[in-house]
Amino acid sequence: MIRIGDILEKVRGYNQKADLELINRAYVFSAKAHAGHVRQSGEPYLTHPLQVADILADMKMDVTTIVAGFLHDTVEDTDITREDLAASFNEEIAFLVDGLTKISQLEFKTKVQRQAENLRRMMISMAQDIRVIMVKLADRLHNMRTLQHLDPEKQAKIAQETLEIYAPLANRLGISWIQAELEDLSFQYLYPEAYRTLRQKVIQRRKEYDAYIEKVIGILTKVLNEHSINGEVTGRTKNLWSLYNKMQRQGLPFEQIYDLIAFRIIVKSIRDCYGVLGIIHSIFKPIPGRFKDYIGVPKSNRYQSLHTTVIGPIGERMEIQIRTREMHQTAEDGIASHWRYKTGDESQPDEEMKRFKWFKHILEELKEVEDPRELMETVRTDLYPDEVYVFTPKGEVKEFPLGATPIDFAYSIHTDVGNQCVGAKVNGRMVPLKYVIKNGDVLEIITSKGHKPSKDWLKIAVTSSAKSKIRAFIKKEERERSLKIGEELLDRELRRMGSTLKKMRKTEAMEKAATGFGFHKVEDLIATVGFGKYSPRQVMTRLFSEEELEKILGEQEETLTLARKSREKARREGIVVDGVEDLMVRFAHCCNPLPGDDVVGIVTRGRGISVHTVDCPNIEAARYDRDRIVDIHWDEKIKIPRTVRIRVTSEDVKGILSEITGLISSKNINITHADIRTSSDDKAINNFEVEVQDVRQLRDLLNSLSGLSGVISVERLRTR
């Protein structure tokens, strides 16, 4: 167990001026605040802040950050308030802890909404002081290290969030060792069978890898000495998650993945970096297209290195990274390696975060995005690190995520340029708007006044900034159209009641009706009617009494009966619709949602509510119009087997189909359809339709299938 003395000694080792008394005082304060509290493991709760502070000391953080590490859970989990921390320590420490405190006192309709608002709060606090996220990463790392004490459902939820948000965030901040550990820990809990199988295979070949690493290090060291270059050569196997990703991406078994080992050469100067590159290419054959110069064009997280892949001494591919000692320190510790506070001078505000342009984009989006699902998508998009660098006609360098298109480029110049974009030239030649831009491209956008963006652009654009601007334009146009339709529908219905919309708008009754439906403005209600979320008849029930409606229209009972039948049908399907009573419910075939999936309802004209998973690509176009989105959730009391399609890719060997179907049957899961075929590269593609109760049962099945010998990959198919 880590002790306070160990942490103090570690801090003293890199910061002779550190206020160790303040750290010790924070430790005592935390011990008192958490007295009597225990973790799920049964250990005293104090072990957690101790471990968090120790991880921060490993990152060589300043005293204030380590103090915040000790105190980070006090406001959320004890009676301590922000004001107490400010009085006992200082406002700076109180701010850091407050930025880490989850929004636990507010009520949210969905898990996604809560997660999004917690993330928004953390990001905004991070913008004011980056140390917020340093503590959060340390907190998440220790929680992941002790995840075995939680139930499987919570393990999967926390691991998924870690893999989607915190590991990419560590990567964006350049802290590679935290990123790698978070990825492997998440892998362990999300795909336990695949993790155990892959880990065992790597362990079995450890001696072989070590011998190979030693051989290559010997060759490279000898070559450096012959050219009088002072350098350090190391080799390592890639982390398990990156290996698993490569296997899935390339559709290959472990035995056919050859570039498992990466070598690193650390030299004194940039000149030596390029010199070593030339030497390596003279003795090993370089693979075309696999050279990257991150020294000349650094990554957005300030990572610098030369990357090349060559044919190694026994005919296999091997990756070599070449960098200086300073570059290596940045690559390992990222922003922490440049931390000005570790010098002992804590009087200056941190400037490091201003260097991260990608984070500025996230903050700009946070100001505009209201839909929690869109916010989560925005953050995930901006966190993934692969980038391309292109040029404007004037020679300005612009950075985009991998897969970006001319549409992203156009919106990065100006919103009007994006909206009016009709074409693009790349390196002087016309290209379609769906063209994927490449490193070194020179882009020129062609515009036309009066041109408008298309909904299809949402499928082409990659950056959250471009998507947000496209949605905003379409939402404005759609709202204007819906408002006009809503006015016509309501006016027609009101004329049947002996009034008009123009007259009714001047009355308090219309404002009360809008408030009753949850809107602040009458126009919002009218636009929603125009789209179809609420019917004119529903609005009439807020404006007139039942007696008036029955007298004039004579259809009130029919309306109530329809609403009752719709609710009963939705209940039978296991879906509860919040706030809408008279729309039918159907499940979308494009994503085939299962109980346990996070789902959303999309209002469709004439076909009621369509139930989709929140990550379904086909709801992309609906995200721009909040009026179309209905909050829904599964009724956990109702258990209805639902059909889902899965694909098992395996080696084409005798008996493997029997093993696969036998395992499925052993889980008491019914196979309703099977489609088996072989590919040209001797693989068996096994598509099954199976009936499962919920996502948990499906996840258990997929994990078990992944562990079968001969199985290459297992996936859930989203269409049927």
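Worth saying up front: this structure is predicted, and the values here are computed from it rather than measured. Within each chain, residues carry numbers counting from 1 in the order of the written sequence. The model is predicted, so local features are restricted to residues of pLDDT at least 70 and side-chain atom pairs to those at 80 or more, both for listing and for counting; the totals for chains, interfaces and linings are taken over all residues. As a rule here, side-chain values come from all non-hydrogen atoms in the structure, and water together with hydrogens is ignored.

Enquirer: Break down unusual backbone geometry for me, citing the residues and quoting the values.
Expert: Unlike most non-glycine residues, Lys60 shows phi in positive territory, near 60°. Runs of E in the DSSP output that reach at least two residues are strands. Runs of H or I that reach at least four are helices, and both are numbered from the N terminus. If you trace the backbone, Lys60 turns up in the loop between helix H3 (47–58) and helix H4 (63–71). Residue classification places Lys60 among the partly exposed positions, given a relative accessible area of 36%. Backbone geometry places Ser228, a non-glycine residue, at a positive phi of 55°. Throughout, exposure labels follow a simple rule: accessible area from a 1.4 Å probe, protein chains only, divided by the maximum for the residue type, with under 20% read as buried, over 50% as exposed, and the rest as partly exposed.

Enquirer: Residue-level account of the side chain of Asp139, with values.
Expert: Checked against the element boundaries, Asp139 lands in helix H9 (residues 131–145). Asp139 gets classed as buried once you look at its relative accessible area, which sits at 8%. Identification of polar contacts relies on pairs of N or O atoms within 3.5 Å, with a donor-acceptor requirement for protein atoms, meaning one able to donate a hydrogen and the other able to accept it, and with residues adjacent in sequence counted only if both atoms are side-chain atoms. Side chain to side chain, Asp139 and His72 meet in a polar contact 3.1 Å long. Contacts between residues were defined by any pair of non-hydrogen atoms, one from each residue, lying within 4.5 Å. For Asp139, the contacting residues outside a window of four places in its chain are His48, Val52 and His72.

Enquirer: So what about the sheet that holds strand S18 (residues 670–678)? Which residues, and what values?
Expert: Working definition: the strands of a sheet are paired by backbone hydrogen bonds and lie parallel or antiparallel to each other. We call two strands paired when DSSP finds no fewer than two bridges between them. Reading across from one edge, S18-S19-S17-S20 is the order of the four strands in this open sheet, with antiparallel pairing throughout. This sheet does not close on itself; its edge strands, each paired only once, are S18 and strand S20 (711–717). Across this sheet, the average inter-strand angle for adjacent strands is 20°, counted without regard to direction. Angles shown run from 0 to 180 degrees and are taken between the N-to-C directions of axes, each axis being a line fitted to C-alpha atoms and, for helices, limited to the stretch in contact. The sheet strands contacting helix H29 (residues 656–666) are strand S17 (642–651), S18, strand S19 (683–692) and S20, and the helix crosses S19 at an angle near 15°.

Enquirer: Account for the packing of helix H19 (residues 406–413) against helix H22 (residues 464–496), with residues named and values stated.
Expert: Put simply, H19 and H22 touch, their axes get as near as 9 Å, and they point 80° apart. With respect to H22, the element H19 is oriented roughly perpendicular. Judged by residue contacts, Ile407, Asp408 and Tyr411 of H19 engage Ala466, Lys469 and Ile470 from H22. Three categories are distinguished: nonpolar for Ala, Val, Leu, Ile, Met, Phe, Trp, Tyr, Cys and Pro, charged for Asp, Glu, Lys and Arg, and polar for the others, with Gly belonging to the last. The residue makeup of the contact of H19 with H22, split by class, is four nonpolar, no polar and two charged. Orientation labels follow simple angle bins: below 35 degrees gives roughly parallel, above 145 gives roughly antiparallel, 65 to 115 gives roughly perpendicular, and whatever is left gives oblique.

Enquirer: Give a description of the packing of aromatic side chains that names residues and reports values.
Expert: Whether two aromatic rings pair depends on their centres lying within 6.5 Å, for rings of Phe, Tyr and Trp, where Trp uses its six-membered ring; planes under 30 degrees apart make the pair stacked, over 60 edge-to-face, and the rest tilted. In this structure the tally under the stated criterion is 15 aromatic pairs. The interplanar angle of 65° and the centroid separation of 5.9 Å between the aromatic rings of Tyr27 and Phe70 together place this pair among those described as edge-to-face. In this pair, Tyr27 sits in helix H2 (residues 20–33) while Phe70 sits in helix H4, placing the two residues 43 residues apart along the sequence. Consider the rings of Tyr294 and Tyr303, whose centres lie 5.9 Å apart with planes at 70°: the pair is edge-to-face. Considered together, Tyr294 and Tyr303 belong to a single accessibility category, that of buried residues. Both a distance and an angle decide whether a charge sits over a ring: NZ of Lys or CZ of Arg must be within 6 Å of the ring centre and within 35 degrees of the ring normal. The positively charged end of Arg542 is found above the aromatic ring belonging to Phe517, 4.4 Å away from the centroid. Note that Arg642 overlies the ring of Phe587, its terminal NZ or CZ placed 3.8 Å from the centroid.

Enquirer: Can you lay out the pattern of salt bridges for me, pointing to particular residues and giving the numbers?
Expert: Only one rule defines a salt bridge in this text: a Lys or Arg side-chain nitrogen within 4 Å of an Asp or Glu carboxyl oxygen. Counting across every chain of the model gives 23 salt bridges. The partner of Arg131 in a salt bridge is Asp62, with the nearest N and O atoms 3.0 Å apart. Residue Arg131 is located in helix H9, and its partner Asp62 is located in the loop between H3 and H4; the two are separated by 69 residues in the primary sequence. The two residues Arg131 and Asp62 agree in class, both being buried. Glu193 is the partner of Arg196 in a salt bridge, and the nearest nitrogen-oxygen pair spans 2.9 Å. One end of the pair, Arg196, and the other, Glu193, are both in helix H12 (residues 192–204), three residues apart, so they sit about a helical turn from each other. Three or more residues are tied together by salt bridges with common partners; here these are Lys10, Asp54 and Asp58.

Enquirer: Can you tell me about the pairing of S20, naming the residues and giving the values?
Expert: For S20, a buried count of six out of seven residues is recorded, marking the element as mostly surrounded by other parts of the structure. Inspection of the sheet shows S17 paired to S20 by six bridges, in the antiparallel sense. Paired with Val648 across the bridge in S20 is Val714.

Enquirer: Could you give an account of the pairing of strand S2 (residues 261–267), with specific residues and numbers?
Expert: Along S2, seven of the seven residues are buried, which leaves the element largely enclosed by surrounding structure. Burial of the side chains of S2 extends over both faces: Ile261, Phe263, Ile265 and Val267 are buried on one face and Ala262, Arg264 and Ile266 on the other. Pairing of strand S1 (residues 231–237) with S2, which is carried by seven bridges, proceeds in the antiparallel orientation. Note that in S2 the partner of Thr234 across the bridge is Arg264. Of the strand pairs in this sheet, S2 and strand S5 (residues 317–324) are connected by six bridges, and their pairing is parallel. Bridging from a neighbouring strand, Ala262 pairs with Glu319 of S5.

Enquirer: Mind laying out helix H13 (residues 206–226), listing which residues take part and the relevant values?
Expert: Here a helix's expected span is defined as the number of its residues, less one, multiplied by 1.5 Å. With 21 residues, H13 extends 30 Å from end C-alpha to end C-alpha; this agrees with the ideal 30 Å at 1.5 Å per step. Those residues of H13 not exposed but buried are Tyr209, Tyr212, Ile213, Val216, Leu220, Val223 and Leu224. Down the axis of H13, the sector holding all buried residues measures 105°, keeping them to one side. Along H13, the residues that are exposed and aim more than 90 degrees away from the buried face are Lys207, Glu214, Lys222, Asn225 and Glu226. Directly beyond the C-terminal end of H13, a positive phi value near 55° is found at Ser228. Throughout, the arc means that of the directions going from the helix axis to the C-beta atoms.

Enquirer: Quick one: what's the story with helix H24 (residues 508–516), residue by residue and with numbers?
Expert: Among the residues making up H24, those that are buried are Met510, Ala513 and Ala514. Down the axis of H24, the smallest arc covering the buried residues is 100°, so these residues share one side. Away from its buried face by more than 90 degrees, H24 exposes Glu508, Lys512 and Thr515. In this structure, the buried residues of H24 make contact with H22, helix H23 (501–504), helix H25 (522–531) and helix H26 (536–543). Just past H24, the residue Gly518 takes up positive phi, approximately 90°.

Enquirer: How would you sum up the sheet that holds strand S9 (residues 429–431)? Please name residues and give values.
Expert: The sheet built from three strands is open, its strands ordered S9-S8-S10 with antiparallel pairing. Of all strands in the sheet, those bounded by a partner on one side alone are S9 and strand S10 (443–447). Here the strands of the sheet are splayed against their neighbours by 35° on average, with no regard to which way each runs. In this sheet, S10 lies alongside strand S8 (residues 421–426) in antiparallel orientation, the contact comprising five bridges. By the bridge assignment for S10, Cys421 is matched with Thr447.

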